[in-house]
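Chain by chain, the residues:
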Amino acid sequence: MSEAFEKVSGIVELPIFPLPLVLMPGEVLPLHIFEPRYRQMLDDVELGNNMFGVSFFDPETDFERPGVGAIGCVAEIKEVQTLEDGRSNLLTHGLIRFRIERYADVGTPYLSARIEFFEDDHGEQEQTEVIADEVYALFDRIAKAAFKMSGSRGRFPEIPKSEPEALSFLVAAAFNLDNELKYSLLSMTSTKERLERLKGILEQAVGQIEASSDIFRVAQTNGHGKKKLDL
């Protein structure tokens, strides 16, 4: 049993916070709480386990709330800043995925649902680790190119070489993917399948980003690599 599963052991119902975004395990999500119903939700979860469920909800296509069977991710509250007018700024961390089994009527103004937690199936471990190494290498190249485009200011961020499942969520969270694609990646229960999908995305992006970073560097140095232009 993973550490995330141990943290949610015994939990069968969660408050549900529908949002027009997809939260990944391991992803940091800042939130601003201002609606009265979610202020109450925050008060209630702070008295309990500091957790609630974030489920993707598109108000343009969905009706009232995420449907039964919808996938979400537990948000664990790490920091709370309460403002004088009752609003709050939160820093949350994606913990583990869940599936909505049914909604529960518990008399609160916010949604609450009976949920089932799940993680990836860990088959084809050797092949998965090979693909994970390839994805990590591509991700590292893109990060270095982005650092070059920033003018190499500051320190190059260290990219953790996580376990394949954690790496797949890290990479998926790092890019501005559209919600439909991100939700598809969240729903997968095969680490290998998710990494293969991400590998294809990174392979398409890496050459263009590296070329752009080289063009940026040449422009900054007037094409000579010695005299820097004042831009």
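Please read these numbers as outputs of a predicted model, since none were measured by experiment.

Regarding the pairing of strand β5 (residues 88-103)
Right, on to step 1. Summarising the sheet, strand β2 (residues 28-33) and β5 pair through six bridges and their orientation is antiparallel. What sits directly across from L29, in β5, is T92.
Right, on to step 2. Bridge count for strand β4 (residues 71-82) against β5 is 10 bridges, and the pairing is antiparallel. Residue pairing across strands places I77 opposite T92, the latter belonging to β5.
Right, on to step 3. Direction of pairing for β5 relative to strand β6 (residues 111-118): antiparallel, over a ladder of six bridges. The partner of R97 across the bridge, within β6, is F118.

As for the side chain of T128
Right, on to step 1. In this structure, T128 sits in helix α3 (residues 125-149).
Right, on to step 2. By relative accessible area, T128 is classed as buried at 3%.
Right, on to step 3. Here E124 takes part through its backbone oxygen, which lies 2.8 Å from a polar atom of the side chain of T128.
Right, on to step 4. What T128 contacts, discounting residues up to four positions off in sequence, is G123, P164, T191, K192 and L195.

Considering the nonpolar core
Right, on to step 1. With 24 residues, the main nonpolar core has M24, V135, V171, L185 and L202 as its most contacted residues.
Right, on to step 2. Here this core takes seven residues from α3, the largest share from any one element.
Right, on to step 3. The contacts of V135, once residues within four sequence positions are left out, are V171, L195, K199 and L202.

Thoughts on the pattern of salt bridges
Right, on to step 1. Enumeration over the complete set of coordinates arrives at 13 salt bridges.
Right, on to step 2. Across the salt bridge formed by R114 and E101, the nearest N and O atoms sit 3.9 Å from each other. On the criterion of sequence distance, the pair formed by R114 in strand β6 and E101 in strand β5 is long-range, its members being 13 residues apart.
Right, on to step 3. Overall, E101 belongs to the partly exposed group, its relative accessible area being 37%.
Right, on to step 4. A salt bridge links E196 to K192; the nearest nitrogen and oxygen atoms lie 2.9 Å apart. Taken together, the positions of E196 and K192, both in helix α6 (residues 191-220) and four residues apart, correspond to about one turn of that helix.
Right, on to step 5. Shared partners join several salt bridges into a network, and the residues in it are R97, D120, E165 and R194.

Overview of unusual backbone geometry
Right, on to step 1. In this structure, N50 takes a positive phi of about 65 degrees despite not being glycine.
Right, on to step 2. One non-glycine residue, E124, lies in the positive phi region at around 50 degrees.
Right, on to step 3. On the secondary structure map, E124 appears in the loop between β6 and α3.

A word on the packing of aromatic side chains
Right, on to step 1. Inspection of the entire model under this criterion finds four aromatic pairs.
Right, on to step 2. Measuring from ring centre to ring centre gives 6.3 Å for F56 and Y183, while their planes differ by 45 degrees; the resulting arrangement is tilted. Of this pair, F56 sits in strand β3 (residues 51-56) while Y183 sits in helix α5 (residues 179-187), and the two are 127 residues apart along the sequence.
Right, on to step 3. By relative accessible area, F56 is classed as partly exposed at 21%.
Right, on to step 4. In textbook terms, an aromatic cluster arises when at least three aromatic residues are bridged by ring pairs, as seen for F17, Y38 and F52.
Right, on to step 5. Here the basic side chain of R65 rests over the ring of Y103, its NZ or CZ set 4.0 Å away from the ring centre.
Right, on to step 6. Cation over ring: R99 sits above F118, and NZ or CZ is 4.6 Å from the ring centre.

Rules of the game
Residues numbered from 1 in each chain as written. Predicted model: local features only at pLDDT ≥ 70, side-chain atom pairs only at ≥ 80, totals over all residues. Heavy atoms only, no water. Pairing = 2+ DSSP bridges. Helix = DSSP H or I, 4+ residues; strand = E, 2+ residues; numbered from the N terminus. Buried < 20%, exposed > 50% of the residue type's maximum accessible area, 1.4 Å probe, protein only. Polar contact = N/O pair within 3.5 Å; in protein donor to acceptor, adjacent residues only side chain to side chain. Contact = heavy atoms within 4.5 Å. Core = buried A, V, L, I, M, F, W, Y, C linked by side-chain atoms within 4.5 Å. Salt bridge = Lys/Arg side-chain N within 4 Å of Asp/Glu carboxyl O. Phe/Tyr/Trp six-rings, centres within 6.5 Å; stacked < 30°, edge-to-face > 60°. Lys NZ or Arg CZ within 6 Å of the ring centre and 35° of its normal.

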